[in-house]
2 protein chains.
Amino acid sequence: MRWDALEEEPCSMARTIGVIGDRWTLLILRECFLRTRRFEGFQSALGITRHLLAERLKKLVRQGVLRRIPYQESPKRHEYILTQKGLDLYPIMMAIVHWGDTHMVDVRGRPLLHQHRKCGKNFDPVMVCSECGEPLSAKEVHTHPGPGARSTPPAKAAPEKKAKPRRKAA
Amino acid sequence: MRWDALEEEPCSMARTIGVIGDRWTLLILRECFLRTRRFEGFQSALGITRHLLAERLKKLVRQGVLRRIPYQESPKRHEYILTQKGLDLYPIMMAIVHWGDTHMVDVRGRPLLHQHRKCGKNFDPVMVCSECGEPLSAKEVHTHPGPGARSTPPAKAAPEKKAKPRRKAA
DNA sequence: TTTGACAGTTCGATTTTAGAACTGTAAAGA
DNA sequence: TCTTTACAGTTCTAAAATCGAACTGTCAAA
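Note that the structure is a prediction, hence the values are computed from the model and not measured.

Participant: Even after reading the chapter, I still don't get helix H4 (residues 50–62) of chain B, so can you show me in this structure?
Facilitator: The periodicity of an α-helix, 3.6 residues per turn, causes residues three or four places apart in sequence to face the same way. With 13 residues, H4(B) should reach 18 Å at 1.5 Å per residue; the first-to-last C-alpha distance of 18 Å fits that figure. All of the buried residues along H4(B) are Leu53(B), Arg56(B), Leu57(B), Lys59(B) and Leu60(B). Seen from one end, H4(B) has its buried residues packed into an arc of 160 degrees, which puts them on one side. Of the exposed residues in H4(B), the ones pointing more than 90 degrees away from its buried face are His51(B), Lys58(B) and Arg62(B). Where H4(B) is buried, its residues contact helix H2 (23–33) of chain A together with helix H1 (12–20), helix H2 (23–33), helix H3 (39–46), strand E1 (66–72) and strand E2 (77–82) of chain B.

Participant: How should the environment of Asp88(B) be read in this particular structure?
Facilitator: Relative to the assigned elements, Asp88(B) resides in the loop between helix H5 (84–87) and helix H6 (90–103). Once the C-alpha coordinates of Asp88(B) and Val65(B) are considered, the two residues, 23 residues apart in sequence, prove to be 9.1 Å apart. If we skip the residues at most four places from it in the chain, Asp88(B) touches Trp99(A) and His103(A). Polar contacts involving the side chain of Asp88(B) include one to the side chain of His103(A), which spans 2.7 Å.

Participant: Explain the environment of Ala138(A) to me, please; I cannot follow it from the model alone.
Facilitator: The residue Ala138(A) is located in the loop between strand E4 (125–129) and strand E5 (141–145) in this model. Excluding residues that lie within four positions of it along the chain, Ala138(A) makes contacts with Phe33(B), Leu87(B) and Tyr90(B).

Participant: What is the right way to read the protein's contact with DNA strand D from this model?
Facilitator: Around DNA strand D, the surrounding shell holds 24 residues, and the nearest of these are Arg50(A), Tyr71(A), Arg77(A), Tyr80(A) and Arg56(B). Among atoms of DNA strand D positioned within 4 Å of the protein, sugar and phosphate together represent 66%. A distance of 2.6 Å separates a phosphate oxygen of DNA strand D from a polar atom in the side chain of Tyr71(A). Here a base oxygen of DNA strand D and a side-chain polar atom of Arg77(A) are 2.3 Å apart. When residues of the surface near DNA strand D are traced back to their parent elements, those giving at least two are helix H3 (39–46), helix H4 (50–62), strand E1 (66–72) and strand E2 (77–82) of chain A together with H4 of chain B. Among the elements that take part in the surface near DNA strand D, H4(A) stands out by supplying 4 residues, more than any other.

Participant: Looking at this model, I keep getting lost on the packing of aromatic side chains. Mind explaining?
Facilitator: For any pair of aromatic rings, the description rests on two quantities: the centre-to-centre distance and the angle between the ring planes. All names here are of chain A. As enumerated under the stated definition, the model contains 2 aromatic pairs over all chains in all. Between Phe33 and Tyr90, the aromatic rings sit 5.5 Å apart at their centres with planes inclined by 45 degrees, giving tilted as the arrangement. Here the residue Phe33 occupies a position in helix H2, and Tyr90 occupies one in helix H6 (residues 90–103), the gap between them amounting to 57 residues. A relative accessible area of 8% places Tyr90 in the buried class. For Arg38, the ring lying beneath its charged end belongs to Tyr71, and the centroid distance is 3.7 Å.

Cut-offs used in this document
- Residues numbered from 1 in each chain as written.
- Chains lettered and ligands numbered in written order.
- Predicted model: local features only at pLDDT ≥ 70, side-chain atom pairs only at ≥ 80, totals over all residues.
- Heavy atoms only, no water.
- Helix = DSSP H or I, 4+ residues; strand = E, 2+ residues; numbered from the N terminus.
- Expected span 1.5 Å × (residues − 1).
- Buried < 20%, exposed > 50% of the residue type's maximum accessible area, 1.4 Å probe, protein only.
- Arc of directions from axis to C-beta.
- Contact = heavy atoms within 4.5 Å.
- Polar contact = N/O pair within 3.5 Å; in protein donor to acceptor, adjacent residues only side chain to side chain.
- Near = heavy atom within 4 Å.
- Phe/Tyr/Trp six-rings, centres within 6.5 Å; stacked < 30°, edge-to-face > 60°.
- Lys NZ or Arg CZ within 6 Å of the ring centre and 35° of its normal.

This is the structure in structure tokens:
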């Protein structure tokens, strides 16, 4: 599987991974949400090599996640700003942060707190069902092929024969 | 920045990225949530090289995201099952899928639909504030250092001087 | 005895990434 | 005027990760 093939896959997860599914890209996006906009800003915040940074920024622009906007003529300089498509990545970012807050913090506690302007409180993000508003967990969700599924049904669920123990079981 | 250093960073996002922030790992986890459990299952579903698959599975087990459970003696065979820590990745997966559903589908529509068992409807995941229940967006959230922040305040927000246009502006 | 399923491991070739230096424009300071 | 600094990249070589394919080993079934 070549990586540009990811975006052709009939799977929204694979396609998204094709856009943001590498470590530097995710960290660059973190910086974007923390209001970093310029090449040097990203570079010094992340310690990424300039070569890779240039490449990743280009890709994010090509993909419509960032927009490259001039903020100065001669010498031409540009800022990288999140588009709406980019801003829509926020739930992914928050979900990642929240998992880290839950499972990866040390004794000192959370590095960053999030305050909701509307209600004024520090909060955790909760994922709920758009239809009934109840919190979601994997076990309560059933997936089935949609209109964009490929003929061979559920994308690529494993064939996995139903544990017919042809050998002496454990 | 070496990759094992990511998990030491005072940033829940960086730490999480250190665990799941590469393409194959994310795809392996997708398969886990689609109920794939065995080496061959992952390999044939993803087309990942066996070498990398073995390595990634080992890492996920080491990190407590998967548990390696014997399902047969002689020859010893194991299945890879999501732990609670792994199941807790569900909101991340759903957020990724949802972004793809919103921004990466072709004319044919979504490859996969999600049905909530509780209410019976196909749904989208919505991220809300744990305190007031309102949907969240980046602009409504203010971040500030928590107890686990490092001394030099907000992790690594860019120094970025306030657009003092020392040159003729655009 | 041979074949096939399964879960890996090994190894050479190819791709990516890291690290550092270099390019070019222009303002600011000596 | 000359030098330094800021900024946004590009170029180059070495090191690391990944690919692709073959190989290992156990056991059941044909």
